[in-house]
Amino acid sequence: MIQCKTSKEIGGMGHSVKRKEDDRFVHGTGKYIDDFTLPGMLFMDIIRSPYAYAKITNIDKEAAMAIDGVVAVITGKDLEQYNLHWMPTLMSDMQMVLPTDTVMHQGQEVAAVIAKSREAARDAREAIMVEYETMKPVIDPFKALDDDAPLLRPDKEGQKNNQAWHWEVGDKEATEKVFNEAEVVVKEQMHIPRIHVASIETCGCVANYNKIDNHLTMYMTTQAPHAIRTVFALVAGHVGLTEEKIRVISPDIGGGFGGKVPVFPGYVIAIAASFLIGKPVKWIEDRSDNLTNSFARDYHITAEMAGTKDGKILATRMKVLADHGYTDAAANPSKFPTGMFSIGTGSYDYPTAFMEADAIYTNKPPGGVAYRCSFRVTEAVHAIERITDRYALEIGKDPAELRMQNFIKKEQFPYKSPTGWEYDSGDYHAGLELAMKTVDYQKLREEQKELRKQGKLMGIGLSTFTEIVGAGPSKDFDILGIKMFDSAEIRVHPTGKAIARFGTKSQGQGHETTYGQIIAEELGIPSKDIIVEEGDTDTAPYGLGTYASRSTPTAGAAAAIAARKLRDKAKKIAAYLLEVSEDDLEWETGKFFVKGAPEKSKTIQEIVFASYTNHPQGMEAGFEATHYYDPPNLTFPSGAYICVVDIDPETFDIKVRRFVAIDDAGNIINPMVAQGQVHGGLTQGLAPAMYEEIIYDEEGNAINGTLMDYLVPTAVESPNWETGHTVTPSPHHPIGAKGIGESPTVGAPPAIANAIVDALKPYGVTHMDIPITPYKIFKKLKDMGVLDKPITE
Amino acid sequence: MKREITLKINGEEYTSTVEPRTLLVHFIREHAMLTGTHIGCDTSSCGACTILIDGKSAKSCTILAIQAVGKEITTVEGLALADGPHPLQEGFKENHGLHCGFCTPGMMMRAVELLEKNPNPTEEDIRWGISGNLCRCTGYNNIVKAIKYAGAKMRGDELPSTEPEFVE
Amino acid sequence: MIPSSFDYSAPTTLEEALNLLEEIGDEAKILAGGHSLIPMMKLRFAEPEHLIDLSNVPGLSYINTEGNTVKIGAMTREVDAEESEELNKLFPIFKDVGKLIADPQVRNFGTLGGNLAHGDAANDQPAVMMALNAEIEIIGKEGTRTVGIDDFFFGFYATAVEEGEILTAIKIPIPDGKFGSAYHKSERKVGDYATGGVGVQLTFDSSGTCTKAGIGLTNVNPTPLRASRSEEALVGTTVTDEVIEQAAQFASEDCNPSADLRGDEDYKRRIIKVLTKRMIVKAKERAFS
């Protein structure tokens, strides 16, 4: 149960406060990027490559320029004059803004058209004639290092092959020794598919360069406005656009999920166009362009587990081949090229592990782009949770029992993992017990036995994961050198109402409501009296933005601490007003009173008013505080998920009968909002588990790049999610919160995959790669020669 | 080929010169400047552009502006009642039926017709009824709840609880 | 996404529409509900120079019973067929198929005539019309002609509707005796085109013998396909489990699916077999209920 310390009127932590941002959204008055229209605004459309790897031999602009309303056609050669044709990625790799000679993936930007109307821009896009000389692309990452593979990145100094980097962690020799001596070793090769965030709003911007002032205002869909402004200054500083002359405004965002973290070429081209033409330029990405131009995941993982015959896990080993496309444009912290993949030792207590990864360049869109996961945790969790089930299957032990046997116990926290993390807190047994009780696990297993006797396929899958979020402590975490702190600034007006600004940026997470609740909890000012603002780099304090479940762990903490600074000041003012010593005062939500004389008190509103009207001599006037929070550690949310599926034995249609998700995200700010995050994340976990994957043919064509073939689940595919929680506060976080946004996306896929593999156990299936579709089950059983074979338990 | 057309949106007339190829959604957003109706795809898949034409829910990205001449068009801006929000607007807010808000106008406009035809829908009716509208944020649980709530309110029944339910 | 430029006319009579068709020639395209055509135009897969919108032509949207025939106007919206009690009392297959075509908004505007005239084997109504043994009424400058559904589909996006002609109505015979119909398709997610779909109508005499069978298959052939051998296997029998198995087997053998993202040939044949079996059972149940 969630305890509230404040009244409903104050609306502090633990209250399901209705969201403030919703009024404008339900009335259609939210303001998203495509809703901006500036005087004289031009429209940009982008010509894209039909080939995965080709030399551009000619770009004929003539027919396009002849179209009424077309103002300019911009190519890589045009940008080259200003040295704007390449830009750094957030991983310090390089990415083309527009190519001067070679295209590296299908769908890559080749040229841009600027026109007075959307229609003219689109017509010109069709009219531009580009001639290509195609080359044999590198599509299969397993062949990218072959001797005869072309060197894709000759622009990189010293680059001899298509390997981007190698990374490893853990004790290789010790792990090998355990594996050599173990009673049981299991191994599976798995692929975590290339998927797309597919937020319902695509990306876009309006670049407005003012020649007279030499100032750029950039309205854009970004989750990290401050960091992006810095990147723009790094790219364009040499042409005079230095950081103080750039204002980034991130308006209402129609879903981000990580896909709006990177700097896409379209943004930079729009800026260049506005800079060259001197008018505002709008670029709104088409869905088809959006779906073929940035991706997440795409890890090929060999996962191994060593253990005893009776179920004690002894060691794990994982080897990753990471397909990064033609450039590493991920958004991981600098020191962590595989992000937090090393969390993949899981929720289990064992001393030995080794992991390594090789990143490969291929002729695919750039990326490893973030997607609702704290930097590769999804891949890691899938590997550990799948291989744990594989181990249980091998030794004939119930997967729930095996997990209970191996969990890190709550008294072992803080727990040092074999890959070097210090898990802050957790109670894994309690979470799984609650999930098992909710579904009546034993009864389900009995039912499964019965159904198998009747030839019916039913499966039960578990996933008991540990997340790692809240990047991050400045000693280890930075992006392009900028430390991953985040910030809050609170200004309380004389009448006791407040505005608070943050370095983060909500894309639907409800910050306008929840940050207010944190401040209400600390200061006793009703959350409804607090306006929360984000996304304008001219007004908000600097921060690294919203992704990787980091807003609550970082900016949320900053809010609490800034509010505490104000409470300290309030205490001084109260002491002055009540003519007592500070030591004689006690705090109760919303007021200070004199110990033993509660009738002698000053409310926070009275104190704030005094700070402007009657503050003690020598004290700074006003009631404002700012805090930049540098977390001492990451936070480690966890979850216990159970999925039950029924599979039609003839068509192999898969029906998720039940899905129970028990999360532990520490203290919860707003249960309604937190639950909403879990619901949404679960559907985004269902998606790659059963529906979504971008598929390439041998020539590098993405063959399902529209919403007709990229199968985003509807309300019919998505089951009724049952959710609950255990509460194990983070011991180091100011409000004991851990972050919730990504746990469900991370935890759901292995639960679903494990359930389906469990359903197919009578056929001898030990593993299937996600997305698992009816057709894939058919193929698997056919390939195994067991199609329509009678089943028995 | 441009011609002047007048469309009636939310009871008001908007006259503008358009090409026949101008899509209704572009007329609504860029000529009438009613930007509550959104665009989320190019294949009639997502439903973010859903509006009502003579009371029928329609994907305004798949209809030409010129086809809508003489019809009554309703967008999210015309949804609220004279004395306050529409029960669906209330339902979505009270039940956390939206996160980013981008799909919400289309989702609600679809639900208007759904509830009109079926005032007391089951969960399954609702799920199938909104199958032409994609939401990437909510996982749909609370959209179902929001539409049920609005149905109850419109029927004059006792309102269901808007508190989140957890397994315990 | 914006279509290429085109001109637009909205005639108010069929005669006017036919005149326009003749005048403009093969660059003209009829706009019915527009829910197949406009998406293709937005992606610029189709670039007609002139659209002739039939919405203002009165008298093309109706569901009428005339003697032993139900006549459906070409501009009848999918939703109206799905929700028509009169139609579904006779042919519940319309409720089955209605729920599975795209989504509610598309069904509000997409028309039955447009669905058929588009000539796409992935559409669902063609298989339904085969099961029901429908006839298609087509008007031209020369007058009206009627084409049996088996002579209607020619090839990819090609039908018996010739240049200068307009599809005006669909005629469905009401069988004698007890009859029942059903449709289902396998889809990757709701609203998807069929991995494979099967429409069935069975007619029985008073002794319970099947006198007529119609089986249409969706998206497993370049054109909508009639499962003739399956039909023959059923006629003259009481549709026992063995016969059903045999008919389903024939359907899976006689279709010509091609491999794509939805599955390979073998998988699609399996889907057709399973669905044929299930739809025969359902149609039979409905005939006797």
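### So, a negative patch on the surface
Residues and elements named next belong to chain A. Together, D140, D146, D147 and D148 make up a region of like negative charge exposed at the surface. With respect to the secondary-structure elements, D147 resides in the loop between β8 (129–134) and β9 (163–170). Given the relative accessible area of 83%, D147 is considered exposed.

### What to know about the environment of L116 of chain C
All names here are of chain C. Within the secondary structure, L116 is located in helix α7 (residues 112–117). For L116, a relative accessible area of 0% puts it in the buried group. Considering only alpha carbons, one finds L116 and G236, 120 residues apart in sequence, at a separation of 31 Å.

### A look at the domain arrangement of chain A
Residue and element names in this part refer to chain A. When the domains of chain A are assigned, the result is domain 1 (22–30 + 486–629), domain 2 (33–135 + 203–285) and domain 3 (377–469 + 633–784). Distance between the C-alpha centres of domain 1 and domain 2: 40 Å. Each side of the interface is counted separately: domain 1 has 21 residues, and domain 2 has 22 residues. Regarding the contact of domain 1 and domain 2, the summed buried area is about 1,600 Å², with carbon and sulfur atoms giving 48% of it. Across the contact surface, domain 1 and domain 2 share three salt bridges. When the shortest N-O distance is used, the salt bridge between D538 and R247 registers 3.4 Å.

### Topic: the interface of chain A and chain C
The interface of chain A with chain C comprises 30 residues on the first partner and 20 residues on the second. Carbon and sulfur atoms supply 55% of the area buried between chain A and chain C, which totals about 2,300 Å² over both sides. Where chain A packs against chain C, one counts seven salt bridges. When the shortest N-O distance is used, the salt bridge between D123 of chain A and R44 of chain C registers 2.7 Å.

### Let's talk about the pairing of strand β4 (residues 63–66) of chain C
All names here are of chain C. Where β4 meets strand β5 (residues 69–73), four bridges bridge the pair, whose relative direction is antiparallel. If you follow N64 over to β5, its bridge partner there is K71. Counting the residues between successive antiparallel strands, the hairpin from β4 to β5 contains two residues, one of them, G67, with a positive phi of roughly 65°.

### What about the sheet that holds strand β2 (residues 54–60) of chain A?
All names here are of chain A. Spatially, β6-β2-β8 is the arrangement adopted by the three strands of the open sheet, whose pairing is antiparallel. Whereas interior strands pair on both sides, the edge strands pair on one side only; in this sheet they are β6 (102–103) and β8. Relative to β8, β2 is paired through six bridges, and the arrangement is antiparallel. Bridging across to β8, A54 finds its partner in T134.

### Considering the domain arrangement of chain B
All names here are of chain B. Each assigned domain of chain B is listed with its residue range as follows: domain 1 (3–78) and domain 2 (87–155). Summarising the inter-unit geometry, the C-alpha centres of domain 1 and domain 2 are found 21 Å apart. Listed as interface residues are 18 residues of domain 1 and, on the opposing side, 13 residues of domain 2. Taken together, both faces of the contact between domain 1 and domain 2 bury some 1,100 Å²; the carbon and sulfur share is 62%.

The rules we used
Residues numbered from 1 in each chain as written. Chains lettered and ligands numbered in written order. Predicted model: local features only at pLDDT ≥ 70, side-chain atom pairs only at ≥ 80, totals over all residues. Heavy atoms only, no water. Patch = residues over 30% accessible without salt bridge, like charges linked within 9 Å, V, L, I, M, F, W, Y side chains within 5 Å. Areas by Shrake-Rupley, 256 points an atom, 1.4 Å probe, with all protein chains shown as cover. Salt bridge = Lys/Arg side-chain N within 4 Å of Asp/Glu carboxyl O. Lys, Arg positive; Asp, Glu negative; His and termini not counted. Charge placed at Lys NZ, Arg CZ, Asp CG, Glu CD. Helix = DSSP H or I, 4+ residues; strand = E, 2+ residues; numbered from the N terminus. Buried < 20%, exposed > 50% of the residue type's maximum accessible area, 1.4 Å probe, protein only. Domains from an automatic or database assignment. Contact = heavy atoms within 4.5 Å. Buried area = accessible area lost by both parts, 1.4 Å probe. Pairing = 2+ DSSP bridges.

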